[in-house]
Amino acid sequence: MAARHNSAASGETGEVETDRGGWRVELDVFSGRPNPAWTLTHAESEELAALLQGLAASDPSPAVYEGLGYRGLLVRPLGGPGLRIVRGAVREDLEGGRTWHDPDRHIERLLIEKARAQVTPDLHEWARREAGLD
Amino acid sequence: MLRATVDAFSGRPNPVCLITGDEAMEVVQAVQAAPEMVTAPDAGYGGLGFRGVVLEWLSDEVTPPHTLPSVFRIAGGVTTAEAEACAVAERLVAGLDKAPLAFDLKEPAADTATVALLLEWMASRSLVVPDLPKEDFVGGDAPASTVSADKACSIELSPFNPGFWNDPAVRPYNNCYNYASNWRTDTFAQPGKGAGSQCQSMACGEVTRGALADGCHRRYDCFPDAEAPRYLMALVVAPGVDYHWYRVHSEGFWGHKPGSTPAKNTDNAGNVINSPETCARAPYTDFCGYLYGCKTQQRRIR
């Protein structure tokens, strides 16, 4: 996967276009309440961009699950298209978006671990269970 | 004298027949034997094909005390007595091409081929009958003597219209409470917030308290007609985590909108939701009950 973290102009390269600001992450799990969301630090965003750059493209993932419960993590690079990271796949959060393989759900695990600092312990454990990461 | 309009066509005029004397009395008795089949004239399935039969009183020849409204619909697919309603409707349809059912019309209300077509449409209709509590009366004026004021409530049903909610300008900013209330706020509305009393914990009692503060009523606590639309909503909770709402539609199923995802009428297993009590809805394991929304509540939610 090609991801770029420091430019606002990369339309023809197919790279994920971002801004220098922190990336926004949303744990897509609620129906009524607003989803827990937070902004990564610049260093964390750089780390995530590097991980994303190392991903291999994969076949389009099956239809995104849009029911009740855990639906993955939404990563929104500032100025770039959103990415949904769920159950071993990273896909652009738009119709016809590209998909990459997240081996061993490494990025998903990393982000859910980072969610520990953002939500209550009970909710964090619940999210881990819902995600099947226990 | 009763006038029966078989509501089925889109381009052609619907067949109409007049029913008098013993025929009218038999219809009245059949309907009164299962009064749950009576709905408001504009309630029920609104799509193509057979949509029910609208019955209207044209005179007072049937001896009171009958308890039926002056205009009502049966077999619209949205009551708990659809089997009985369809039996009455089928009899009316079957008689459209015969005297004396349409005795005073110059021509039969419908020819034999049309009657056969209508019966086929009725037989093949696959409406899902909603799991409405019998005490909820769908739309319009309730026949006062068939329901008591503290046990029956008039409600409205709207067609399933996911396109409105799934517009990119709407979908991300409106949640299940918006959907169940049928009111777009673009704020991810929270029960009680508009009343300054937002629910604080994710438990049935607390979320219900917030919704009541917004102006919802518990089931059987009726709203007056002035508060229409009075939608029937269902609340479920993932204990300690989150809540979720459903709203029943005129097609007979329930719709919902999980968070910022698209509105839909299917559950976690992909099945059409016939009952929010029994549908696949993990991890929202606690079924809290039914509430009515209303006009005031719609405008208050934030």
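Only a predicted model underlies this, so the values are computations on that prediction, with no experimental measurement involved.

Trainee: Help me understand the interface of chain B and chain A, please; the structure alone is not making it clear to me.
Mentor: Accessible area lost on assembly of the parts is the figure often given for the size of an interface. Residue-level contacts link 23 residues of chain B with 15 residues of chain A. Roughly 1,400 Å² of surface becomes buried between chain B and chain A when both sides are summed, with 58% attributable to carbon and sulfur atoms. When the area that chain B buries against chain A is broken down by residue, the three leading residues are B:Val241, B:Asn268 and B:Pro283, summing to 33%. Across the contact surface, chain B and chain A share 0 salt bridges. At the boundary of chain B with chain A, the tally comes to 14 residue pairs in polar contact (both at pLDDT 80 or more). Here the side of chain B that touches chain A takes 4 residues from strand E9 (residues 242-248) of chain B, the largest share from any one element.

Trainee: What exactly am I supposed to notice about the sheet that holds strand E4 (residues 71-74) of chain B here?
Mentor: Pairing between the strands of a sheet comes from backbone hydrogen bonds, and it takes one of two forms, parallel or antiparallel. Residues and elements named next belong to chain B. Spatially, 4 strands are ordered E2-E1-E3-E4 in an open sheet, and the strand pairing comes out antiparallel. Each edge of the open sheet is held by one strand with a lone partner, namely strand E2 (16-19) and E4. Each adjacent strand pair in this sheet contributes to an overall mean axis angle of 25 degrees, direction not counted. Taken together, the 4 bridges between strand E1 (residues 2-6) and E2 define a ladder with antiparallel strand orientation. Within the sheet, the bridge partner assigned to arginine 3 lies in E2 and is leucine 18.

Trainee: What should I look at first to understand unusual backbone geometry in this one?
Mentor: Most of the time, phi is negative for any residue but glycine, and the peptide bond is trans. Residue and element names in this part refer to chain B. Look at the link from alanine 228 to proline 229: it is a cis peptide, with omega at 5 degrees. Within the secondary structure, proline 229 is located in the loop between strand E7 (217-218) and strand E8 (232-238). A cis amide bond links alanine 282 to the next residue, proline 283, at an omega of 10 degrees. Looking at the secondary structure, you find proline 283 in the loop between strand E10 (254-255) and strand E11 (286-292).

Trainee: Just to check I follow, could you spell out the pattern of salt bridges for this structure?
Mentor: A pair can form between side chains of opposite charge whenever their charged atoms are brought close. Residues and elements named next belong to chain A. Counted by the stated rule, this structure contains 16 salt bridges over all chains. Across the pair glutamate 44 and lysine 114 runs a salt bridge whose closest N-O atoms are separated by 3.4 Å. Of this pair, glutamate 44 sits in helix H1 (residues 42-53) while lysine 114 is found in helix H2 (residues 106-114), placing the two residues 70 residues apart along the sequence. A relative accessible area of 23% places glutamate 44 in the partly exposed class. The partner of glutamate 47 in a salt bridge is lysine 114, and the shortest N-O contact between them spans 4.0 Å. Of the two residues, glutamate 47 is situated in helix H1 and lysine 114 in helix H2; the sequence distance between them amounts to 67 residues. Via salt bridges that share partners, Asp28, Arg71, Arg84 and Asp93 belong to a single interconnected network.

Trainee: Sorry if this is basic, but what is going on with the state of the cysteines here?
Mentor: Disulfides are covalent bonds that link the sulfur atoms of two cysteine residues. Residue and element names in this part refer to chain B. Overall, the coordinates contain 2 disulfides over all chains when judged by the stated rule. Disulfide pairing places cysteine 153 opposite cysteine 222 at an S-S distance of 2.0 Å. Residues cysteine 153 and cysteine 222 share a disulfide whose torsion about the S-S bond is about -85 degrees; that sign makes it left-handed. Here cysteine 153, found in strand E6 (residues 153-155), pairs with cysteine 222, found in the loop between E7 and E8; they are 69 residues apart in sequence, far enough to count as distant. A residue is classified by how much of its surface remains accessible, and cysteine 153, at 2% relative accessible area, is buried. A sulfur-sulfur distance of 2.0 Å marks the disulfide that ties cysteine 204 to cysteine 288. Measuring handedness by torsion sign, the sulfur bridge of cysteine 204 and cysteine 288 sits at about -75 degrees and is left-handed. Of this pair, cysteine 204 sits in helix H6 (residues 204-214) while cysteine 288 is found in strand E11, placing the two residues 84 residues apart along the sequence. Each disulfide of chain B joins two cysteines, and with those cysteines numbered along the sequence the arrangement is 1-3, 2-4. Cysteine 294 supplies the cysteine sulfur nearest to cysteine 216, a cysteine that is in no disulfide, at a spacing of 6.8 Å.

About the criteria used
- Residues numbered from 1 in each chain as written.
- Chains lettered and ligands numbered in written order.
- Predicted model: local features only at pLDDT ≥ 70, side-chain atom pairs only at ≥ 80, totals over all residues.
- Heavy atoms only, no water.
- Contact = heavy atoms within 4.5 Å.
- Buried area = accessible area lost by both parts, 1.4 Å probe.
- Salt bridge = Lys/Arg side-chain N within 4 Å of Asp/Glu carboxyl O.
- Polar contact = N/O pair within 3.5 Å; in protein donor to acceptor, adjacent residues only side chain to side chain.
- Helix = DSSP H or I, 4+ residues; strand = E, 2+ residues; numbered from the N terminus.
- Pairing = 2+ DSSP bridges.
- Axes fitted to C-alpha atoms, helices over the stretch in contact; angles between N-to-C directions.
- Buried < 20%, exposed > 50% of the residue type's maximum accessible area, 1.4 Å probe, protein only.
- Disulfide = S-S within 2.5 Å.

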